[in-house]
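Survey of secondary and tertiary structure
Residues per chain, in single letters:
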Amino acid sequence: MGSPINLYGTWVNACKYVANEIEKQLKEKPESRFILPTGSTPIGVYNELTKRNLDWSKATTYNLDEYLDCSIEEQTYRYFMDDMLFNHINIKRENINFPTDGDKGYGLDVDLCLLGIGTNGHIAFNEPGSDFNSETRVVDLTESTIQDNSRFFPTINDVPTQAVTMGLKPIMTSKRIILMANGYNKHDVLNKALLGRLSEERPASVLQLHKNMEAVYCD
Ligand code: PGA
C-alpha cells in the first residue's frame, strides 16, 4: 500500500482539493454529515467553500471540539465557525452541532471527517495518552496545547484549561477521513503518526487503522 500522505506544492491547492471533495460529497448526497475542525489549518478550505454557491440546506455538521468556560466569546469555536463558514452558507442552524450540546451519539456515522493535527500528535483535543477507544468527553488541556493556543488570548491565564472533545472512537466511525497538515513544523509528527508505530502517545496514529483515510500536506 502507498503512503496515505499526499504532498501539495502549495497550500492553496491543497485547500482547493479538500473543498472539491466536500463539494462532490454534498452534490452526491445533499443530506451528508460532516465533522469539521477549527484552528488555522482549515481556514483556506472554509474560504474556498464560501466562494462556491453550494447547497448546504440538508447537510449536518459536527464540530470536533469546543472550549469549556471560555471568557472571550470571539475565541469560542462556535464563533470561529460562524465567522469562517456558517454565516456565509445556507446551512440550517439546527443542523449545526457542537460537543458541548451534550448529545448522545454525537458525530457518529459521518460521511466525511476533516481533521487537523497538533504538533504533539493530537487530533481534536485527544491529547497524547488518549485511549484509542475514547468517547466524546471533557478533557484537561496539556501545557503544550495551552501554550500553542495562548497566541489567541491576551494572556496565558485567559486560555481555557478544559474542553469537550470528540473521542477517537466516534471519529473513527466516519466513512471517510481527510487529515490536513500545513507547514514543515507538522512534517515530523505527520510522518510518525501515519507511518510510524501505533501509539496512544501519538493519538493521530489511530488513523492508520482507518480504511478510507488520506492526509494532505504542504511544507
Ligand atoms: P492548527 O491546529 O490548525 O492551528 O495548526 C491544529 C490542531 O491543533 O489540531
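Details of the structure are given in the entry above.
These notes cover the structure that comes with them. (Residues numbered from 1 in each chain as written. Predicted model: local features only at pLDDT ≥ 70, side-chain atom pairs only at ≥ 80, totals over all residues. Heavy atoms only, no water.)

Observations concerning the sheet that holds strand β8 (residues 162-165)
Using the following cut-off: Pairing between two strands requires that DSSP report at least two bridges joining them. A run of H or I in DSSP counts as a helix once it spans at least four residues, and a run of E counts as a strand once it spans at least two, with each numbered from the N terminus. Helix axes are fitted only over the stretch in contact, all axes being lines through C-alpha atoms; the angle between N-to-C directions runs from 0 to 180 degrees.
One open sheet holds the three strands; their spatial order is β4-β8-β7, and the pairing between them is antiparallel. Both edges of this open sheet fall to β4 (65-67) and β7 (137-140), since each of them pairs with a single strand only. Pairwise comparison of adjacent strand axes, ignoring direction, gives a mean angle of 30° for this sheet. Two elements, β7 and β8, share four bridges in a ladder whose sense is antiparallel. When the bridges of β8 are listed, Asp140 appears paired with Gln162.

A word on the nonpolar core
Filter applied, for reference: Residue types Ala, Val, Leu, Ile, Met, Phe, Trp, Tyr and Cys, when buried and joined through side-chain atoms within 4.5 Å, form a set referred to as a nonpolar core. Remark: exposure states derive from per-residue accessible area (1.4 Å probe, protein chains only) relative to the maximum for the residue type, with buried under 20%, exposed over 50%, and partly exposed in between. Whether two residues touch is decided by their heavy atoms; if any such pair falls within 4.5 Å, the residues are in contact.
Formed by 42 residues in total, the largest nonpolar core has its most connected members in Val18, Ile22, Val45, Leu49, Trp56, Phe86 and Met180. Contributions of two or more residues to this core are made by α1 (11-28), β2 (33-36), α2 (43-51), α3 (77-84), β6 (112-115), β9 (177-182) and β10 (213-218). Here the element with the most residues in this core is α1; it accounts for eight residues. Filtering out sequence-adjacent residues up to four positions away, Val45 remains in contact with Cys15, Val18, Ala19, Ile22, Leu114 and Met180. One finds Cys113, Leu179, Ala181 and Ala215 within the second-largest nonpolar core, a separate group that totals 29 residues.

Some thoughts on the side chain of Asn63
For clarity, the threshold we go by: Polar contact criterion, stated in full: a pair of N or O atoms within 3.5 Å, where within protein one must be able to donate a hydrogen and the other to accept it, and residues adjacent in sequence count only if both atoms are side-chain atoms.
With respect to the element layout, Asn63 can be found in strand β3 (residues 60-63). Within the local environment of Asn63, its side chain forms a polar contact with the backbone oxygen of Leu36, the two atoms lying 3.1 Å apart. In this structure Asn63 touches Leu36, Pro37, Thr38, Met81, Phe86, Asn97, Phe98, Pro99, Tyr106 and Met166, once residues within four positions along its chain are discounted.

Concerning the site of the ligand
This is how the line gets drawn: By convention in these notes, a residue is near a molecule or strand provided one of its non-hydrogen atoms lies within 4 Å of it. Exposure was quantified through the Shrake-Rupley algorithm and a 1.4 Å probe, taking into account, for residues, occlusion by the shown protein chains and nothing else.
Around the ligand, the neighbouring residues are Gly39, Ser40, Thr41, Gly116, Ile117, Gly118, His122, Arg151 and Lys186. At 2.7 Å, a side-chain N or O of His122 approaches an oxygen atom of the ligand. Within the side chain of Lys186, one N or O atom sits 2.7 Å away from an oxygen atom of the ligand. When isolated, the ligand has an accessible area of 280 Å², and the protein chains bury 76% of it.

Description of the environment of Leu114
In this structure, Leu114 sits in strand β6. As a C-alpha pair, Leu114 and Met180 span 66 residues in sequence and 7.4 Å in three-dimensional space. In this view, Leu114 contacts Val18, Ile22, Ile35, Leu36, Pro37, Val45, Leu64, Ile178 and Met180; residues no more than four positions away in its chain are not counted.

Re the packing of α1 against α2
For clarity, the threshold we go by: Here the angle decides the label: under 35 degrees means roughly parallel, over 145 means roughly antiparallel, 65 to 115 means roughly perpendicular, and every other value means oblique. Note on convention: the crossing is left-handed when the near helix lies turned anticlockwise from the far helix by less than a right angle, right-handed when the turn is clockwise.
Close contact between α1 and α2 brings their axes to 8 Å; oriented N to C, the two are set at 55°. One element, α1, and the other, α2, form an angle in the oblique class. Relative to α2, α1 is oriented so that their crossing is right-handed. Across the interface between the two elements, Cys15, Lys16, Val18, Ala19 and Ile22 of α1 pack against Gly44, Val45, Glu48 and Leu49 of α2.

Any functional reading would require information that these geometric values do not contain.
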